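Structural description and commentary
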Amino acid sequence: MTSWTINKGCLSDEIAVQIQGITGDFCTSECSLFKACPTDVPMGVTASPMCALQDASSGAKYCALICSPGGSQCGEATCKSISGVGICTYDD
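The written sequence of each chain sets the order in which its residues are numbered from 1. Where totals are concerned, whole chains, interfaces and linings use all residues; where local detail is concerned, this predicted model gives features only for residues with pLDDT of at least 70, and gives and counts side-chain atom pairs only at 80 or more. Neither water nor hydrogens contribute to the side-chain values; these are computed over all heavy atoms in the structure.

What about the overall build of the protein chain?
Numbering of helices and strands starts at the N terminus; helices are DSSP runs of H or I of at least 4 residues and strands are runs of E of at least 2. Within the protein chain, the regular secondary structure consists of 0 helices and 7 strands. Secondary structure elements of the protein chain occur, N-terminal to C-terminal, as β-β-β-β-β-β-β. The reference for a compact globule is 2.2 Å times residues^0.38; the radius of gyration itself is calculated from the C-alpha atoms. What you see for the protein chain is a C-alpha radius of gyration of 12 Å, in line with the 12 Å of a compact globule of 92 residues. Oriented by its inertia axes, the alpha-carbon framework of the protein chain measures out at about 30 × 25 × 25 Å. Residues classed as buried in the protein chain amount to 39% of the 92 residues present. Long-range pairs, those at least 24 residues apart, make up 39% of the contacts in the protein chain with a sequence separation of at least 6. Accessible area of the protein chain: about 5400 Å², with a carbon and sulfur share of 53%. Think of it in three bands: with a 1.4 Å probe and only protein chains considered, a residue is buried below 20% of the maximum accessible area for its type, exposed above 50%, and partly exposed in between. Any two residues having at least one pair of non-hydrogen atoms within 4.5 Å are treated as being in contact. Per-residue and other accessible areas were derived by the Shrake-Rupley procedure at a 1.4 Å probe size, with only the shown protein chains allowed to occlude residues.

Thoughts on the state of the cysteines
Note on disulfides: each one is a pair of cysteine sulfur atoms within 2.5 Å. Using the criterion set out here, one finds 5 disulfides in the structure. Here C37 pairs with C63 through a disulfide, and the sulfurs are 2.2 Å apart. On the S-S bond that ties C37 to C63, the torsion sits near -100 degrees, and the link is left-handed. Note that C37 is positioned in the loop between β3 (30–31) and β4 (48–54) and C63 in strand β5 (residues 61–67), a separation of 26 residues in sequence. Here C37 falls in the buried class, since its relative accessible area comes to 12%. Look at C63 and you get buried, because its relative accessible area is 0%. In the protein chain, the bonded cysteines, numbered by position in the sequence, are linked as 1-2, 3-5, 4-6, 7-9, 8-10.

By themselves these figures say nothing about function.
Structure, rendered in structure tokens:
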């Protein structure tokens, strides 16, 4: 993934992700110990890109923009709280 994108049209190496229990979605790519998440976040975003999500069925790990719940670090997206941490998602 060359950059973070909004949910309207993911890049060819991204998938659209919706996390169970929170509203909204975002585009992301796989990550691992050897494949870091991109750091070129959208304009206005100060949330931290992290390899923080894992698919329960496949075990694949994915990038997410981690934020402080209720904060304004997500630019056009909003910071949704899940398990005490925040994840930037784009509302439909």
